[in-house]
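# Close look at the chain arrangement
Now for the letters of each chain:
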Amino acid sequence: MPEKRTEKIEHYVAPLDETPLHATDNVAEDVQPLSLWAEAWRNLRKQPLFIISTILIVLIVFVALFPGVFTQTPPNQNCLLANSDGDPVPGHPMGFTLQGCDVFSRIIYGTQASLTVGIFATLGALIIGGTLGAIAGFYGGWLDSVIARLGDVFFALPLILGAIIIMQLPFFRENRNVWTVVITLTVFGWPQIARITRGAVLSVRNADFVTAARSLGVSRPAALVRHVIPNSLAPVIVVATVNLGIFIVAEATLSFLGIGLPPDVMSWGNDISSAQVSLRSNPSTLLWPAAALSVTVLSFIMLGDALRDALDPKARKR
Amino acid sequence: MTWYIIRRFLQMIPVFFGATFLVYFLVFSLPGDPIQALFGDRPVNEAVAAQLREQYNLDEPFLVQYFLYLKNLVTFNLGNDFSGRPVAEVLVQIFPVTIRLAILALIFEAVFGIIFGVVAGLRKGKLFDGTVLVASLIVIAIPIFVLGFVMQFVVGVKLGWAKPTVGGDAGWLDLILPAIVLGLVSFAYVLRLTRTSIIENMHADYVRTATAKGLSRQRVVVVHILRNSMIPVVTFLGADLGALMGGAIVTEGIFNVPGVGQRLYQSVLRGEGPTIVSIVSVLVMVYILANLLVDVLYAWLDPRIRYA
């Protein structure tokens, strides 16, 4: 082991005649290497894409939790038909809907439903898809084949198509609320997460640290949970973040078709859907909730993109 | 290669049965008695109802119904829908429309997505690249029905460049606007995928070798970078063909295209089991065959992949 040097080395590649040769590869040996996540965090802090999307998401979550902070107008009371399709006036910056309700206030209060659907559908897909994908990748064999075929079956049905059929089932038709939409999106969202998880687990399964853990007597399930899964989370989290945005769009699409959230639940999808009749006379009632939805979805997709750049060492080099 | 195709073909079978069974199961536990619905407000004529139930095998246990259906499917005897029209006739009428729509959308997303993606990828970090990237994210973030409404209003009504609603007999030209709306989101995905793939391959060793051999930049880009970058793009496009056909429900609704999506939506609302299952079975077959085609294309595109 070379003698520890005290002076700070500015450049790793130094002019050879000035610097003793060993200094060139004497890269601070006493410093602990950063973990994948710590290094990613160091990268992320400097990325404008990450900063913007995080600020937006924090704001959106805050709006969903405390809508009363942002608007004094209750969304469903004081709807005067005299205001039907009205233009913006002071205190009502985005005008009125066909029913004479305040558009801005409805958007603020609609945040909750859209975000809840997105977050819980993503969690559901992560739990089911992540578990099945990890088991398939780690144990392989017939379990892998069965789970892969099962995923293919759900994959072969397009999301909207499957959702239409599920939402017509008696249970779903009678209890139409946020949670039935969450279940529907989970049922058709898990195969993608399962595929990604399986791939990530496969690439980690035979790593040295897993072999080491196993030879120290760690059982297979314990090795999977403690060593393999934490090290294969990165790509799964990236996809899940992007999917959160896509689930919000899917909820809006289902509500638009009249089989998502019931009309009395305030959500952006319902607002867009009910605004379509007045698109030609008063396009702003459709465009404002659509804009709110798009900005939310965009923030999640941007966050996913930033995470992918930070977590993929291959992409970072360039 | 032949063996590989045969193996993949055999793997398709359980997926096909699984998917049709899933749909059959969901459809035939739908609420409401479709036979009763046929009578509307009038009292049900029990003799007629019983005959109809027998004709559609609705009096058999569920599993028997499913196998009878499969038997009919294999013999192309798809039966009649509840208004008495043969399902096969309905399929012949609606599928060409949606196939045209999906092909136009696929051409749109492939051509423009690959062109924009290649240019953006070759100019990574430049203004064009940044603009295209942001624009593609915005397209992904806007729900397809909002895009549809806005395009219909702006292009169809305000500018008058295309028919806002298609209706009756849908020709190729009428379907261009709906196809663009249908393909827009996938266009953004194709663009981003192509761009990433190009950037990844630009620094590959074989590209350096090709340049070092003295090949022209054009040849390096077209023959070496592009061909290898197309592998993930082709996968996506193949899988997307099925998704486009099944996902056309919203677009067909907005532009009033008499295709699969619209018919399927109506059938679900009416509880027309046989029609739903027939349509979905064909869609699933299209999806699986498209994926098989993609796997075969792989071997042609990437000389490293050879199937034993």
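Please read all numbers here as calculations on a predicted model, not as lab measurements. (Residues numbered from 1 in each chain as written. Chains lettered and ligands numbered in written order. Predicted model: local features only at pLDDT ≥ 70, side-chain atom pairs only at ≥ 80, totals over all residues. Heavy atoms only, no water.)

A separate point is the interface of chain A and chain B. In this assembly, 38 residues from chain A lie in contact with 45 residues from chain B. Carbon and sulfur atoms supply 80% of the area that chain A and chain B bury against each other, a total of about 3700 Å² over both sides. On inspection of chain A and its partner chain B, the count reaches one salt bridge. Between B:Arg192 and A:Asp305 there is a salt bridge, with the nearest N and O atoms lying 2.3 Å from each other. Applying the counting rule to chain A against chain B returns two residue pairs in polar contact (both at pLDDT 80 or more). Breaking the side of chain A that touches chain B down by element, the ones donating at least two residues are helix H5 (141-155), helix H6 (159-167), helix H7 (170-174), helix H11 (233-257) and helix H13 (284-311) of chain A. For the side of chain A that touches chain B, the element with the most residues is H13(A), which contributes 10 residues. (Contact = heavy atoms within 4.5 Å. Buried area = accessible area lost by both parts, 1.4 Å probe. Salt bridge = Lys/Arg side-chain N within 4 Å of Asp/Glu carboxyl O. Polar contact = N/O pair within 3.5 Å; in protein donor to acceptor, adjacent residues only side chain to side chain. Helix = DSSP H or I, 4+ residues; strand = E, 2+ residues; numbered from the N terminus.)

Turning our eyes to something else, we now look at the domain arrangement of chain B. Residue and element names in this part refer to chain B. What the domain assignment lists for chain B is domain 1 (1-76 + 271-308) and domain 2 (96-258). Residue-level contacts link 12 residues of domain 1 with 12 residues of domain 2. On inspection of domain 1 and its partner domain 2, the count reaches zero salt bridges. The class makeup of the residues in the side of domain 1 that touches domain 2 is 10 nonpolar, one polar and one charged. (Domains from an automatic or database assignment. Nonpolar A, V, L, I, M, F, W, Y, C, P; charged D, E, K, R; others polar.)

For the structure on display, the rule yields 14 aromatic pairs over all chains. Summarising the aromatic geometry, the rings of A:Trp41 and A:Phe50 are spaced 6.2 Å apart at their centres and angled 80 degrees between planes, so their arrangement reads as edge-to-face. The exposure class of A:Trp41 is partly exposed, given its relative accessible area of 45%. Between B:Phe116 and B:Phe128 the ring centres are 6.2 Å apart and the planes differ by 10 degrees, which places this aromatic pair in the stacked class. With B:Phe116 in helix H5 (residues 87-122) and B:Phe128 in helix H6 (residues 127-141), this residue pair connects regions lying 12 residues apart in the sequence. Judged by relative accessible area, B:Phe128 falls into the partly exposed class, the value being 31%. (Phe/Tyr/Trp six-rings, centres within 6.5 Å; stacked < 30°, edge-to-face > 60°. Buried < 20%, exposed > 50% of the residue type's maximum accessible area, 1.4 Å probe, protein only.)

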